[in-house]
Structures are given as structure tokens and as C-alpha cells.
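A structural walkthrough
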Amino acid sequence: MRKLSAAVRFTLPLLTLVVLWMLVVYAFDVNPRVFPGVAAVGHAATEAMLDGTLAAHVAASIWRVLVGTVLALFVAIPMGVLMGVSPAVSSFLSPILRFFSVLAGIAWIPIATLWFGYGFGAIVFVIFNAVFFVVTYNTLLGVASIPMSLRHAAASLGASPWRMLTEVLLPGALPNIVTGVRTGLGFAWRGLIAAEMIATNVGLGYMLFVARDFYRTEVIVFGMIVIGMIWLLIDRLLLAPLERATIHRWGMVRAA
Amino acid sequence: MNGLAYLWVRWIWSPYMRATARWPSTRSVVPFLPLIAVWWGVAQAELFPRTFFPGPAEVVSSFFTLVYKGILPEYLADSVTRLAVGAAAGIAIGIPLGLLVGLNRRAHDALWPVLLFFQAIGDIAWLPILLIWFGFGLTTMTLIIVYTVLFPIVLNTVLGVRAIPLDMHRAAKSLGASPLAIIREVVLPGALPNIVTGLRNGLGYGWRALIAAEIIVGTSGIGFLMFDARRAGSVVEIMLGMIVLGVLWFIVDAWVLAPIERATGQRWGMVQRQ
């Protein structure tokens, strides 16, 4: 019951916004080429869902993000751990990583399209390095912030390098890694939309940008809502719980 | 092997450690030297075609050419001005809005979900419709940046305001502070560290949004420089653009954000001690 009332309280303002939108469009008779009415957006939505274009665009976008992110995580986490183990190495490398995580994502679009051509390769590359540098940097910070005494304690109890990795370094760095993934995915998602506007012929960003050419504002608004919803779902249902769970775990590790 | 390690420590590592201990600012420069050396080596070995992967020397010479022609300073000034205007507007709207939403229960109930939703839509998704409304131009770009900077600041301000213990409000009130005095003396200082975090995130996102907007809208700016170079197939100028962007962020970070963060950290410390 409490959950229900919280859900109502959360959706009520959004519904009010929709009603307000309807009223304003109706009252001022807004030109649909400037801003569409609710009905037009609903119409565009059902049309896109029925003829399968929406599914194709969403699938293309998500597939790119998935491939880029998974590749990046597979390389970034081991590298971050390796570099973070030695304090000297990690302090030496962190300016370089910071430099590249500043550039991460969108700034690579021009060179990526030149190296890989317009299409799948360039976009996956952009997502890869949006996630890669941020996650590597955060993993390195996470490993470097584990108190030396913990590592000494594990070593003096006879932990093998493998157990040191799986029982001290990785759990200790996990909260940082997850924060890194969350930030990196945030950059990657924006980078994806931008890259799709520039460099492809399918995907959510492309859907918006093509609609602009034909002044189809209802498709644009619908696309924006879809983009917002997908990100909200990824962030609230996947990343935020993951972050909370690792912080609990971290608390356990500290208390033990 | 041991001898090699000795040489490494004696002639490279310990001088580096001593130098960074004496001049801490070298710490953020020296690590790039081996990177540049590797870059130079790879380019020199021509593993990739030279036009696809130019070396540092070409990039430096294109830097001087573009500075001499006056293109780079002009574009750089354009980008920085846009970012500064966007950030200023974002702060001017964001902090009061954040205070309102953080302090007033009704405002929080009504606005919080809306804020979360619009934050999720993300800056760049607004580009197409802004292009329809305002055309290819400065207004579009400025609005994108304001939008991007705004949300992290508002959301973090709200979090900061709501993290202040209620007892602080009550204590100030029972000492006879007016609502305005409470905002000035309790709420703002208490939320300041969060506001600064929001500002940092916002600028980080705003920065990327600016590059994307300049690439797509394309009239001037570093993003435009890079995309124009891409059209001409000039990797040298793209790399130059990327390096300029990275260095610029280092400067903003070291000269603007870090001092603010230090100042608010100290202020926060003071507030806690009282």
C-alpha cells in the first residue's frame, strides 16, 4: 500500500505535465511543426510500434551499447587492477587516464568515423572508450584506496596472488568499479545518441535526426520520451541497485 | 635482470620521484612524455598509413599553422565563451531551483519526478527539436549547454539541502533566525559541497554536449574544427582538436574547480566544528 501511494505520488506530477501539455497545445493552437499534440505523439508511437521500426531502432542502439560496454569492461577491469596494485605506478598513470577520460566518448566521434568508416564499428568504438577510460581510472583508484594494512594482513596470512586478487583487491575496488560503470555508461549513452545522429542509418539518434529533416516533431518527441525511459530503466533498475548492493558489501568488508 | 632494475631505479625512477617531490606540478606533465615517445615511435614505424596515424611533430606544426592563421584562437574562444555562458546560466537557475525543491515539501513532490525524467532524456536528444525551433546557431548550442549543466546542479543541490539535519534548522530558528538568514547561514553553506559536486558533473557533461552540438550544428568551435577536419580527411587536425580539449579541461579543473572544491571543503569543515 505504501509502495502504491509512493508510485502514485511519483507519476502524478508526470501525468499533470501531460495534461498541461494537452491544454497548452489545444488552447494556443500550436503549429504541429513547432510542437506536436499528445494525440499526434500517441499516433506516431503506435505507428512506430506496429510497423516494427521502433523495435529495430531500439534493438540497434542497445546492441551497440552492450557490445561496446562488455568489451570495455573485459579490458578495463583487469588493466585497472594491474595498474592499481603498485602505488607508484598508479600515481604515475593517473594523469594520463584522467586526460583520456576527459576526452571519453563524443570527442572521439570524428576520428572514429575516419578510422572505421560510418557505421557499427565507429559507434562501438566510441562507446568502448567512453566506458573504458572511466572504468579503468575508477578501478585503479579503487585498488589504490584499499588500505595497505589489509593487503599486508592478507599476505602475511599466506594468501596466494590469486586469492589476494579475488578476496582483497576485487571486493575492495568493487564500489569504485560500479561507480565507474555508472558514470561511463552515462557518457556512453549520450555518445551513442550523438554518434547515431552523425554516423549511421539505424538507431534512436538516427530516428530523431531523420524526423527533423521532415519536421515530424511528433516522432522527435516520441523518440525523446523513449530515450529518457530507456535510460531511466537502465539507471534505476540496473545501476542504482548494483551500486547500493556493492556499498553494502563494502560495509561488510570493512566491519569484518 | 637485477642490474637492469638497478639502473632503472637509480637513473629514472628516483630522479623522477625527487623531481615530483620538489616540483609537484611536474607530476601531471612527466607521465605524458613516455606516451608521446610511444606515439612518435608507432607513427615513425608506419604500422598504420601516415595519413591515418600522424606523429606528434605533424600535430605540433599544424598547431602553429592554425594559431598563425588565427583559426584556433578564434574557435577556442568561441567554445570557451559558450561553455562559460551556459555554465553561468545553469548555476543562476539551478541553485535557486534546487533550494526551492529541497526546502519545500510540496515543490519536491511536484517537481522531483519531472526533474528526474527530464534529466534522463539527456542533452543531445534535444538537439533535433531545438534545431527546428531555433535553427543552426548560437541559441541552440547555448540552450543545450544550459540544459546539460542545469540538472546535475539542481539534483545535487536538492540532495545537499535535504542532507542537512533538521536540528540545525531548528537550532537556528530557536535562536531567532529569519527564513532568509537560515538559507544564507545554514542551508547554503551546508549544501555547498554537494552543489560543487553538481557543478563538476554538470560541467563534465556540458563539455561533451558542447562538442557534440558543435559537431552537428557546425558553425565554429573546437568540435566544428574536428568535424571539418574529418570531412577533409585530416587526422592531424582532429588529433590537435582532441589534445586542445583535453588540455583545456585540465586547466579548467586545476584553476577553477579544484580551488572551489578546496574552499568549500574547508568551509564545510568549519561549519561542522562549530
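None of these values were measured; they are calculated from a predicted model. The residue numbering used here restarts from 1 in each chain and proceeds along that chain's sequence as written. Both sets of labels track the order of writing: A upward for chains, 1 upward for ligands. Side-chain atom pairs in this predicted model are given and counted only at pLDDT of 80 or more, local residue features only at pLDDT of at least 70, and totals for whole chains, interfaces and linings cover all residues.

What follows is about the overall build of chain B. In DSSP terms, a helix is any run of H or I states spanning at least four residues, a strand is any run of E spanning at least two, and both are numbered starting from the N terminus. The helix and strand inventory of chain B stands at 11 helices and zero strands. Secondary structure elements of chain B occur, N-terminal to C-terminal, as α-α-α-α-α-α-α-α-α-α-α. Taking the principal axes of its C-alpha atoms as reference, chain B extends roughly 75 × 60 × 30 Å. Field definition: a residue is buried when 20 or more other C-beta atoms are found within 10 Å of its C-beta, exposed when 12 or fewer are, and partly exposed for counts in between, with C-beta atoms placed from the backbone. Counting over 274 residues, chain B shows a buried share of 35%. If you take every contact in chain B between residues at least 6 apart in sequence, the share linking residues at least 24 apart comes to 71%. Each residue is represented by a C-beta atom placed from its backbone, and any two residues with such atoms within 7 Å are regarded as in contact.

Here we take up the interface of chain A and chain B. Opposite the 41 residues of chain A that make contact, chain B presents 41 residues. Listing elements by their share of the side of chain A that touches chain B, those giving two or more residues are helix 1 (2-28), helix 4 (87-103), helix 5 (109-116), helix 8 (161-199), helix 9 (204-213) and helix 10 (217-255) of chain A.

Another point: the domain arrangement of chain A. Residue and element names in this part refer to chain A. Segmenting chain A into domains produces domain 1 (1-30) and domain 2 (31-255). Computed from C-alpha atoms alone, the centre-to-centre distance between domain 1 and domain 2 is 31 Å. Taken together, the five residues of domain 1 in the interface contact five residues of domain 2. Polar here means any residue outside two lists: the nonpolar Ala, Val, Leu, Ile, Met, Phe, Trp, Tyr, Cys and Pro, and the charged Asp, Glu, Lys and Arg; Gly therefore counts as polar. Residues of the side of domain 1 that touches domain 2, tallied by class, amount to five nonpolar, no polar and no charged. Note that the domain bounds reflect an automated or database-derived domain assignment.

Here we take up unusual backbone geometry. You will see that Tyr215 of chain A, though not glycine, has its phi angle at about 55 degrees, which is positive. You can see Tyr215 of chain A is positioned in the loop between helix 9 and helix 10.

A set of buried residues qualifies as a nonpolar core if it consists of Ala, Val, Leu, Ile, Met, Phe, Trp, Tyr and Cys joined through C-beta atoms within 7 Å. Counting residues in each nonpolar core, the largest one holds 133 residues, and the members touching the most others are Ile109, Val126, Ile127 and Val131 of chain A. Sort the elements by how many residues they give to this core and helix 9 (residues 179-217) of chain B lands first, with 18 residues. Ignoring sequence-local partners within four residues, the contact set of Ile127 of chain A consists of Arg64, Val65, Gly68, Thr69, Ala188, Gly191 and Leu192 of chain A.

On to the confidence of the model for chain B, then. Residue and element names in this part refer to chain B. A residue's pLDDT is the confidence the predictor assigns to it, expressed on a 0 to 100 scale. Taken as a whole, chain B shows an average pLDDT of 82; of its residues, 96% reach a score of 70 or greater. The secondary-structure element of chain B with the lowest mean pLDDT is helix 11 (residues 235-273), recorded at 75, while helix 4 (residues 71-103) shows the highest, at 88. The low-confidence segment residues 269-274 (pLDDT under 50) makes two contacts with residues lying over four places distant or belonging to another chain. Scored as a whole, the predicted complex attains pTM 0.81, and scored at its interfaces, ipTM 0.77.

Here, expected helix span is obtained from the residue count minus one, scaled by 1.5 Å. The terminal C-alpha atoms of helix 9 of chain B, which comprises 39 residues, lie only 45 Å apart, well short of the 57 Å expected from a rise of 1.5 Å per residue. For a residue, the bend is simply the angle between two axes, fitted respectively to the seven-residue segment ending there and the seven-residue segment starting there. For helix 9 of chain B, the principal kink sits at Leu192 of chain B and spans about 50 degrees; a proline, Pro193 of chain B, occurs within the next four residues.

Viewed as axis vectors pointing N to C, helix 4 of chain B and helix 7 (residues 138-163) of chain B meet at an angle of 35 degrees, and their least axial separation amounts to 7 Å. The two elements helix 4 of chain B and helix 7 of chain B meet at a crossing, and its hand is right-handed. Note on geometry: axes are C-alpha line fits, over the in-contact stretch for helices, and angles between N-to-C directions span 0 to 180 degrees. When the near helix sits turned anticlockwise from the far one by under a right angle, the crossing is termed left-handed; a clockwise turn instead gives a right-handed crossing.

In this section: the environment of Val114 of chain B. Here Val114 of chain B is to be found in helix 5 (residues 105-121). Of the residues examined, Val114 of chain B has 14 C-beta atoms within 10 Å and is grouped as partly exposed. Val114 of chain B has contacts with Pro13, Leu14 and Leu17 of chain A, leaving out every residue within four places of it along the chain.

This part takes up the environment of Thr26 of chain B. All names here are of chain B. Position of Thr26 relative to the elements: it lies in the loop between helix 1 (2-22) and helix 2 (32-45). For Thr26, a count of 13 C-beta atoms within 10 Å gives the class partly exposed. Along the sequence, Thr26 and Asp109 sit 83 residues apart, while their C-alpha atoms lie 50 Å from each other. Ignoring anything within four residues of it in the chain, the contact list for Thr26 reads Ala19 and Thr20.

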